[in-house]
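Descriptive structure summary
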Amino acid sequence: MTSKTHLLGLSLDQLEAELAARGEPTYRARQVFGWIFQRLVTDFGQMTDLPAALRQSLGNEYSILAARELRRSVAAEGTTKTLLQWPDGATTETVMIPSQDRRAGSTGRQRRTVCLSTQVGCDVGCRFCASGIGGALRNLHVGEVVEQAARVAQHLHARGDRLSHVVFMGMGEPLANYEVTVAAVRHLNARWGLGLAQRRITVSTVGLPTQIERLSREGLQTTLALSLHAPNEELRRALIPWASGVPLTRLLQSCETYFHATGREITLEYCLLAGTNDGHEHAAQLAAIATRLHAHVNLLLYNPVQGLPFNRPSEVQAHGFLAALRRRGVNAHLRPSRGLETDAACGQLRRRQSLRRG
Ligand code: SF4
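Predicted model, so just to flag it, every value in this text is computed and none were measured. (Residues numbered from 1 in each chain as written. Predicted model: local features only at pLDDT ≥ 70, side-chain atom pairs only at ≥ 80, totals over all residues. Heavy atoms only, no water.)

With that settled, the discussion passes to helix 2 (residues 27-38). Taking 1.5 Å of rise per residue, the 12 residues of helix 2 would be expected to cover 16 Å, and the 16 Å separating its terminal C-alpha atoms lies within 8% of that figure. With 9 of 12 residues buried, helix 2 lies mostly within the body of the structure. Next to the buried residues of helix 2 lie helix 1 (12-21), helix 3 (52-61) and helix 4 (142-158). Looking at the residues trailing helix 2, positive phi occurs at Leu40, about 55°. (Helix = DSSP H or I, 4+ residues; strand = E, 2+ residues; numbered from the N terminus. Expected span 1.5 Å × (residues − 1). Buried < 20%, exposed > 50% of the residue type's maximum accessible area, 1.4 Å probe, protein only. Contact = heavy atoms within 4.5 Å.)

The biggest cluster of nonpolar side chains holds 90 residues, and the ones touching the most others in it are Leu7, Leu163, Phe168, Leu268, Val297, Leu299 and Leu325. It is helix 4 that contributes the most residues to this core, 8 residues altogether. When residues of this core are sorted by domain, at least three fall in each of domain 1 (5-63) and domain 2 (68-357). With 18 residues, the next largest nonpolar core counts Ala230, Ile240, Cys271 and Val305 among its residues. (Core = buried A, V, L, I, M, F, W, Y, C linked by side-chain atoms within 4.5 Å. Domains from an automatic or database assignment.)

Pairing of strand 5 (residues 91-100) with strand 6 (residues 110-115) involves 6 bridges; the strand directions are antiparallel. Paired with Ser99 across the strands is Arg111, a residue of strand 6. Direction of pairing for strand 6 relative to strand 9 (residues 165-168): parallel, over a ladder of 3 bridges. When the bridges of strand 9 are listed, Val114 appears paired with Val166. (Pairing = 2+ DSSP bridges.)

A few words now on the packing of helix 1 against helix 2. Where helix 1 meets helix 2, the closest approach of the two axes is 8 Å, and the angle between their N-to-C directions is 125°. With respect to each other, helix 1 and helix 2 are oriented oblique. The crossing of helix 1 and helix 2 is right-handed. Of helix 2, the residues touching helix 1 (which contributes Leu12, Leu15, Glu16 and Leu19) are Arg28, Ala29, Arg30, Val32 and Phe33. (Axes fitted to C-alpha atoms, helices over the stretch in contact; angles between N-to-C directions. Parallel < 35°, antiparallel > 145°, perpendicular 65-115°, else oblique. Left-handed = near helix turned anticlockwise from the far one by under 90°.)

Glancing now at unusual backbone geometry. One non-glycine residue with positive phi stands out, namely His229, at about 65°. The residue His229 is located in the loop between strand 11 (223-227) and helix 7 (233-239) in this model. For His229, a relative accessible area of 7% translates into the label buried. Even without being glycine, His294 reaches a positive phi, approximately 55°. Considering the arrangement of structural elements, one finds His294 in the loop between helix 9 (280-293) and strand 13 (296-301).

Turning to the domain arrangement of the chain, a few remarks are in order. The domain boundaries assigned to the chain delineate domain 1 (5-63) and domain 2 (68-357). Using only C-alpha atoms to locate each centre, domain 1 and domain 2 end up separated by 32 Å. Residue-level contacts link 13 residues of domain 1 with 15 residues of domain 2. Where domain 1 touches domain 2, the interface holds 0 salt bridges. Among the elements that line the side of domain 1 that touches domain 2, the one with the most residues is helix 2, at 4 residues. The residue inventory of the side of domain 1 that touches domain 2, partitioned by class, reads 6 nonpolar, 5 polar and 2 charged. (Salt bridge = Lys/Arg side-chain N within 4 Å of Asp/Glu carboxyl O. Nonpolar A, V, L, I, M, F, W, Y, C, P; charged D, E, K, R; others polar.)

This part takes up the pattern of salt bridges. Taken as a whole, this structure holds 12 salt bridges when the rule is applied. Between Glu93 and Lys81 there is a salt bridge; the shortest N-O distance is 3.0 Å. Of this pair, Glu93 sits in strand 5 while Lys81 sits in strand 4 (residues 80-85), placing them 12 residues apart in sequence. Take Glu93 and Lys81: they sit in the same class, and that class is buried. Arg138 is paired through a salt bridge with Asp88; the nearest N and O atoms lie 2.6 Å apart. A residue pair is termed long-range when its members are at least 10 positions apart, and Arg138 in strand 8 (residues 138-139) and Asp88 in the loop between strand 4 and strand 5 qualify at 50 residues. Among the residues examined, Asp88 registers a relative accessible area of 38% and is labelled partly exposed.

This paragraph deals with the packing of aromatic side chains. Enumeration over the complete set of coordinates arrives at 7 aromatic pairs. Each ring, one from Phe128 and one from Tyr302, has its centre 6.2 Å from the other, and the planes form 90°; the classification is edge-to-face. Taken together, the residues Phe128 in the loop between strand 7 (119-120) and strand 8 and Tyr302 in the loop between strand 13 and helix 10 (315-327) connect sequence positions 174 residues apart. Classification of Tyr302 as buried rests on a relative accessible area of 3%. An aromatic cluster is defined as three or more aromatic residues linked by ring pairs; in this entry it consists of Phe33, Phe37 and Trp192. Just above the ring of Trp35 sits the side chain of Arg39; from NZ or CZ to the centre is 3.8 Å. (Phe/Tyr/Trp six-rings, centres within 6.5 Å; stacked < 30°, edge-to-face > 60°. Lys NZ or Arg CZ within 6 Å of the ring centre and 35° of its normal.)

Here is the structure:
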């Protein structure tokens, strides 16, 4: 295991303090982060405006990229999943999703969204998800979260493209690793960091009311996405075991607090599971929640996971569900499914790797 400090885990202030302690001018910190986040260089040797001795000593003591890329799978429409292994042997997934900006009035620009993991595994244990199998092994550190985005930004940069959006929607529950998630948001947003607008950063949660309320006080303009998946208490407890300690009413109250404190419209993520949560009554219940929260709804088509008893509804069924929401005045969209032919479900790439090893 490397004993080097992960540079991407440091803020500008922290790096300035570390350099000052070594007798270096503090402006060197901005130079280093400029190379990493703007020019997307990951080798100290290429930072040609730093003295050679400093480049050498930084290389001895700090790592820029700490992970090893174990596997990459690319689907036909360009969705790219990368399996990373961290120095302690833990593995996580990062996904890059290309899409078209379809907002009203948009010019149809290309979006390049990275989906970040925040934990190794996940304790929430949604019955339909591969990441929850085995629980959470550990939280990721700030540097490990930022590195995922930096790697994708670097790959895109190498082909003349750029990262435009970030979603904390990969493996793990971001708000269960609260301090790291918020610090990573600040690094990604900072001018010395990747410089992504806060509104282009989405934090997705299965629902931790206390942390949602805390997030509403951070002074951030990030989008909050609630992974709802079940529109009533009974089904929610059946699908999301973790939710049994969090009544739906309490969760919805915290979302209202977030909306009023930030003015940001909340997104409800709803993964359609055939015969489980895609009935008429579910559409009516979901519409009532969306109306109460002034939220818009993203419907996702489930990507089946080997060994789990859930299926994807037909396109006809899914479009019927979408129409039922829209008839009730809900702003809802059905997201195109991505990369069904690859290891497309959340956590599936990592799971296959461990099954292969096991
Ligand atoms: S869907 Fe998300 S919250 Fe649920 S188990 Fe999977 S990673 Fe965890």
